[in-house]
Amino acid sequence: MQFTPLSIDKHTRRPYLRLSAPHQRIIIAAPSLQDAPQICELLNDPRVYRWLLSPPFPYLLEHAVSWLTEVKAEADAVWGELEQANAESPDGPLKVVGGCPVRSILEENEDGTYTYLGDCGIFRNRYEDVMDMEERARRVQENNAKPVGDPDIVWSIGDYLKPSHHGKGIMTAVVGRLMREWGIPRMNFHCVRAATMNGNTGSVRVFEKNGFVLRRECVDVVTKGEPSSHRFLDWILLSHGRSPHRLA
Ligand SMILES: CC(C)(COP(=O)(O)OP(=O)(O)OC[C@H]1O[C@@H](n2cnc3c(N)ncnc32)[C@H](O)[C@@H]1OP(=O)(O)O)[C@@H](O)C(=O)NCCC(=O)NCCS
């Protein structure tokens, strides 16, 4: 099946990936507009938003709806490609695609409903560490122009989790599963970069535990109108035979 390793909820038809024990009640699911109010709650919580580069503050329902509409369209497009590949060649080689159809982290409740816990998104790198804006735009354009499956695409991962669930190993498991079971086999990941704000030990550890190494610290990034320092971590597929220093 071209959907491997994703499952499909038999009631909602929402694709998902279930974590293994001890997190078997947690799934990574396709984005859904119904999660907008819970996203708003999380992105107005200082324990979450202070560490994030892009979401505005205060984070309004309209922000969540517009963001979800965008990421849902991307996820749906990838899912559509997989459905087509499955119809044409269910037993053929697994199709390499340009995105991941699942990203919303949900916890299954006793009554079968789900609570939204956070997000883990994969996207093409935005080169926030390049301070010359013209050069940054040039690199983004160059990276975006690379065709699906190109091993030279530089990817990024952005994530956040509901504070009540911090420190239980959930994001380490989510990032690991998405890289191992989707990024590498289905998107041809060879190079992934992560940016974390200085002091965000939890985020640094999540990436380190998944094989990322520190590339450099950059002190003059401007986020939410304030200068802040960032750590940029790189992960490169070892079999590609490249050193992380090539990226410096
Ligand atoms: C960063 C974040 C995603 C980590 O997710 P998590 O599920 O809590 O992380 P894990 O439980 O998998 O922890 C991984 C490691 O980080 C450590 N850790 C987690 N939170 C920590 C904290 N606040 N301070 C110090 N270490 C922390 C854990 O102890 C573990 O390390 P260890 O195995 O060496 O003990 C989560 O805390 C979060 O959403 N924070 C707010 C938003 C954010 O920072 N997003 C990332 C932006 S780059």
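Just so it is clear, the model here is predicted, and its values are computed rather than measured.

Peer 1: It is not clear to me how the overall build of the protein should be interpreted in this structure. Could you clarify?
Peer 2: Of the regular secondary structure elements, the protein holds six helices and nine strands. Its C-alpha radius of gyration of 18 Å places the protein within 12% of the 18 Å reference for a compact globule of 248 residues. Principal axes of the C-alpha set define a box for the protein whose edges measure 50 × 40 × 35 Å. The proportion of buried residues among the 248 residues of the protein is 47%. Considering only contacts within the protein whose residues lie at least 6 apart along the sequence, 66% involve residues at least 24 apart. Element-wise, carbon and sulfur atoms account for 53% of the exposed surface of the protein, whose accessible area totals about 12400 Å².

Peer 1: Explanation requested: the packing of helix α1 (residues 36-43) against helix α3 (residues 61-88) in the structure shown.
Peer 2: Where α1 meets α3, the closest approach of the two axes is 9 Å, and the angle between their N-to-C directions is 120°. With respect to α3, the axis of α1 lies oblique. Along this stretch, α1 crosses α3, giving a crossing that reads as right-handed. Along its contact with α1, which presents A36, P37, I39 and C40, the element α3 presents L61, A64, V65, W67 and L68.

Peer 1: Would you mind going over the packing of aromatic side chains with me for this structure?
Peer 2: Two descriptors summarise a pair of aromatic rings, namely the distance from one centre to the other and the angle between the planes of the rings. In the structure shown here, the tally under the stated rule is five aromatic pairs. Centroid distance Y49 to F57: 4.1 Å. Interplanar angle 20°. Geometry classified as stacked. The ring centre of W51 lies 4.1 Å from the NZ or CZ of R50, which sits over that ring. The lysine or arginine in question, R126, covers the ring of F123, its NZ or CZ lying 4.0 Å from the ring centre.

Peer 1: Any chance you could explain the side chain of H190 here in plain terms?
Peer 2: Here H190 shows up in the loop between α5 (170-187) and β7 (191-197). Polar contacts involving the side chain of H190 include one to the main-chain carbonyl oxygen of N188, which spans 3.0 Å.

Peer 1: What is the right way to look at the site of the ligand in this model?
Peer 2: Neighbouring residues of the ligand: 23 residues in total, closest L161, G167, G169, T172 and K209. Measuring from an oxygen atom of the ligand, one finds a backbone N or O atom of L161 at 2.7 Å. R205 places a side-chain nitrogen or oxygen 3.0 Å from an oxygen atom of the ligand. Relative to its free-state accessible area of 910 Å², the ligand is covered by the protein chains to the extent of 74%. Elements represented by at least two residues in the shell around the ligand include exactly α2 (46-49), β6 (154-161), α5, β7 and α6 (201-209). Here the shell around the ligand gets six residues from one element, more than from any other, and that element is α6.

Peer 1: Sorry if this is basic, but what is going on with the nonpolar core here?
Peer 2: In globular proteins that are soluble, nonpolar side chains generally tend to be buried together. V174 and L178 are the most contacted members of the largest nonpolar core, which totals 37 residues. Looking at this core, the elements with two or more residues in it are β3 (26-29), α3, β5 (114-124), β6, α5, β7, α6 and β9 (226-236). Sort the elements by how many residues they give to this core and α5 lands first, with eight residues. Residues in contact with L178, not counting those within four places in the same chain, are L17, I28, C100, V102, C120, I122 and G183. I27, L43, Y59 and Y116 belong to the second largest nonpolar core, which has 17 residues in total.

Peer 1: Please clarify how unusual backbone geometry should be interpreted in this entry.
Peer 2: Most peptide bonds are trans, and most residues other than glycine sit at a negative phi. With an omega of 10°, the peptide bond between A21 and P22 qualifies as cis. Among the secondary structure elements, P22 is positioned in the loop between β2 (15-18) and β3. In this model, F57 is joined to P58 through a cis peptide bond whose omega is -5°. Inspection of the secondary structure puts P58 in the loop between α2 and α3. With phi around 65°, R13 is a residue other than glycine that occupies positive phi space. Residue classification places R13 among the exposed residues on the basis of a relative accessible area of 55%.

Reading the values: the criteria
- Here the residue numbers are simple positions, counted from 1 along each chain's written sequence.
- Whole-chain, interface and lining totals are the exception, using all residues; otherwise, since this is a predicted model, local features are given only for residues with pLDDT of at least 70 and side-chain atom pairs are given and counted only at 80 or more.
- Hydrogens and waters are ignored; side-chain quantities use all the structure's heavy atoms.
- A run of DSSP states H or I qualifies as a helix once it reaches four residues; a run of E qualifies as a strand once it reaches two. Both are numbered from the N-terminal end.
- We compute the radius of gyration over the C-alpha atoms and compare it with the globule rule, which gives 2.2 Å times the number of residues raised to the power 0.38.
- Note on exposure labels: buried denotes an accessible area under 20% of the residue type's maximum, exposed denotes more than 50%, and partly exposed covers the range between, all computed with a 1.4 Å probe on protein chains only.
- It only takes one pair of heavy atoms within 4.5 Å for two residues to be counted as in contact.
- Computed with a 1.4 Å probe, the accessible areas rest on the Shrake-Rupley method; for each residue, only the protein chains presented here act as cover.
- Helix axes are fitted to C-alpha atoms over the stretch in contact, other axes to C-alpha atoms as well, and angles between N-to-C directions run from 0 to 180 degrees.
- For classification, angles of less than 35 degrees are called roughly parallel, those exceeding 145 degrees roughly antiparallel, those between 65 and 115 degrees roughly perpendicular, and all remaining angles oblique.
- Left-handed describes a crossing whose near helix is turned anticlockwise from the far helix through less than a right angle; right-handed describes the clockwise counterpart.
- Paired rings are identified among Phe, Tyr and Trp, the last through its six-membered ring, by centres lying within 6.5 Å, and are further divided according to the angle between planes into stacked (under 30 degrees), edge-to-face (over 60) and tilted (the rest).
- To sit over a ring, a charge needs its Lys NZ or Arg CZ within 6 Å of the ring centre and within 35 degrees of the ring normal.
- For the purposes of these results, a polar contact is taken to be a pair of N or O atoms within 3.5 Å, where, inside protein, one atom must be able to donate a hydrogen and its partner to accept one; residues adjacent in sequence count only when each atom of the pair is a side-chain atom.
- Near, as used in this document, describes a residue that has one of its heavy atoms within 4 Å of the molecule or strand being considered.
- Grouping buried Ala, Val, Leu, Ile, Met, Phe, Trp, Tyr and Cys residues that are joined through side-chain atoms within 4.5 Å yields what is termed a nonpolar core.

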